[in-house]
Amino acid sequence: MKIKEQLNYIEQVKNKFTKPHYYYILTMGCQLNENDSEKLCGMLEKMEYQKVENMKEADIIVFNTCCIRENAEEKLFGKLGEAKEFKMKKGTIIAIGGCMMQEPHMVKKITESYPYVDLIFGTHTLHKFPEDLEKVLEKNKIQDVLDIDGEVYEGVPIKRQDKKKALVTIMYGCNNFCSYCIVPYVRGRERSRKQEDILKEIENLAKEGYEEITLLGQNVNSYQGSGEEKYGFSHLLRDVEKIEGIQKINFMSPHPKDFTDDVIEAIADSKKVTRIIHLPLQSGSTEVLKNMNRKYTKEQYLTLVEKMQKRIPGIVFSTDIIVGFPGETEQDFEDTLDVVKKVHFEQVFMFIYSRRKGTMADKMENQVLEEIKHKRFERLKQLVESQIAENNQKYIGTVQNILVEGKSKNNDHMLTGRTDTNKVVILEGEEDLIGKTIPIKIVSEHMWYLKGVKS
Ligand code: SAH
Ligand code: SF4
Ligand code: F3S
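For the structure given in this document, a descriptive report is provided here. (Residues numbered from 1 in each chain as written. Chains lettered and ligands numbered in written order. Predicted model: local features only at pLDDT ≥ 70, side-chain atom pairs only at ≥ 80, totals over all residues. Heavy atoms only, no water.)

## Remarks on helix α11 (residues 298–311)
With 14 residues, α11 extends 20 Å from end C-alpha to end C-alpha; this agrees with the ideal 20 Å at 1.5 Å per step. When we look at burial in α11, the residues that qualify are Lys-298, Tyr-301, Leu-302, Leu-304, Val-305 and Met-308. Summarising the axial view, the buried residues of α11 lie within an arc of 155°, below the 170-degree limit, and thus occupy one face. Buried-residue contacts for α11 involve α9 (261–269), β12 (276–278), α10 (286–292), β13 (316–323) and α12 (330–343). (Helix = DSSP H or I, 4+ residues; strand = E, 2+ residues; numbered from the N terminus. Expected span 1.5 Å × (residues − 1). Buried < 20%, exposed > 50% of the residue type's maximum accessible area, 1.4 Å probe, protein only. Arc of directions from axis to C-beta. Contact = heavy atoms within 4.5 Å.)

Set out below in structure tokens:
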């Protein structure tokens, strides 16, 4: 019903224009935030706005924000400064949405210090963007943020970034309240989409020629479908497996505490589910994990890894690690290094603990000194890099099937793709290879990427 109303607003906005209109969008967060941006692009393009890559050409500038760590705020304020220039020169509309707009103190700061912002919307009101924009076009300033969980809306227009790979959000929100994390406060409680809606979306994607999908949620393995029979994440994986045309299934992020045997079995039986599993560790110390409210111990994490390695030959892992959580001692940090040494992660996303207003960890008194956090971060980085360099050696001389994704960002004459284990591969070749899967022989390693030639 609500989406139908939005489609009416889309018509109204569209009818206002006689000449082409342009939008610029900056996505500042995770893949869920990216998927939200794809919906914003979908709505804007239905209103006949065209996308531009440069703020200066835009009639509307949209910032889709993140607030997971402090540096996100600095980045937004910098960008707002840039956008102001265009507001002054030609009256460009400035809109800010996303997770940061669910933080009341940030909304206050923006309204007080950046009064030229026209539209503030939150994560629960994203689908109302056409209605909000219509009001802004009538020269109103709009704040549309809900602090209660939004419903799950189906049918929001979407304009995807890629032609072969698609992001599919299967659930919104998070119930875990890890003590360092802001997400449960800005995204609300867990709400799963119905399995019929998810499967239909993926079937349609397959018909459009999509080959690879990523199932998204803050805690995908606590997915709960609807209906009388219990329908969990393992059921969803098995049903997506059956969809013809889809060749590869990724998911992000599972929680170690919910990695039940049925999920492991579904992956083991699958020919499509990726063999690189993102399994966020956060810390290797049982004491720190307890204070983080992660609900598993160092030993349970290692046992889970071993169990999966036994059941699923060839499986590898990537992870997220936070250093310098309040109260982290030298021994706690050594425990983290110990897990890294034992698991041999394929990739590690490393973060320095950042205090977030309103979270439990922010109230803890034993905050770690900045200097110590940075030193530990460097030590972890060195260990990870040495492991990755060592690990990369095993690829040299092998032939990998690579889906060529596009031109390399750093070198226009090269193409880029990924191995099954998500390693970036750079290769020489003509543009007509883009979108094709081809065998590539790996010839050298360069820490964060491999180089290959057509085999
Ligand atoms: N739901 C996902 C993660 C979302 S946030 C999961 O549980 O894996 C992505 C990563 O950011 C987290 O895994 C964590 O490592 C990091 N992170 C979250 N809050 C943080 C904070 N306050 N300081 C530093 N890193 C943080
Ligand atoms: Fe944050 Fe934990 Fe939820 Fe992930 S599982 S979003 S880290 S609270
Ligand atoms: Fe994602 Fe950042 Fe929000 S990590 S869920 S965009 S706070």
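Right, picking up where we left off after that structure.
## Remarks on the site of ligand 3
Near ligand 3, the surroundings consist of Gly-29, Cys-30, Asn-33, Cys-66, Cys-67, Ile-68, Cys-99, Arg-187 and Gln-218. When the residues that make up the shell around ligand 3 are grouped by side-chain class, the tally is five nonpolar, three polar and one charged. (Near = heavy atom within 4 Å. Nonpolar A, V, L, I, M, F, W, Y, C, P; charged D, E, K, R; others polar.)

## A few points about the site of ligand 1
Close contacts around ligand 1 come from 15 residues, with Arg-69, Gln-218, Gln-282, Asp-320 and Ser-354 the closest. Within the side chain of Asp-320, one N or O atom sits 2.6 Å away from an oxygen atom of ligand 1. One of the backbone N or O atoms of Ser-354 is found 2.8 Å from a nitrogen atom in ligand 1. Look at ligand 1: alone it shows 540 Å² of surface, and the protein chains cover 89% of it. Every element with two or more residues in the shell around ligand 1 is listed here: β13 and β14 (347–352). Counted by class, the shell around ligand 1 contains seven nonpolar, four polar and four charged residues. (Polar contact = N/O pair within 3.5 Å; in protein donor to acceptor, adjacent residues only side chain to side chain. Areas by Shrake-Rupley, 256 points an atom, 1.4 Å probe, with all protein chains shown as cover.)

## Details of unusual backbone geometry
Here the bond from Met-252 into Ser-253 is cis, since omega is -5°, no more than 30 degrees from zero. Checked against the element boundaries, Ser-253 lands in the loop between β11 (248–252) and α9. A positive phi angle, near 70°, is found at Gln-282, a position not held by glycine. Relative to the helices and strands, Gln-282 resides in the loop between β12 and α10.

## Some thoughts on the packing of helix α3 (residues 71–90) against helix α4 (residues 104–113)
At their nearest, the axes of α3 and α4 sit 13 Å apart, and the two run at 20° to each other. The angle between α3 and α4 falls in the class roughly parallel. The element α3 and its partner α4 pack so that their crossing is right-handed. Contact residues: α3 offers Glu-73, Leu-76, Phe-77 and Leu-80, while α4 offers Met-106, Lys-109 and Ile-110. Taken together, the residues that form the contact of α3 with α4 break down as five nonpolar, no polar and two charged. (Axes fitted to C-alpha atoms, helices over the stretch in contact; angles between N-to-C directions. Parallel < 35°, antiparallel > 145°, perpendicular 65-115°, else oblique. Left-handed = near helix turned anticlockwise from the far one by under 90°.)

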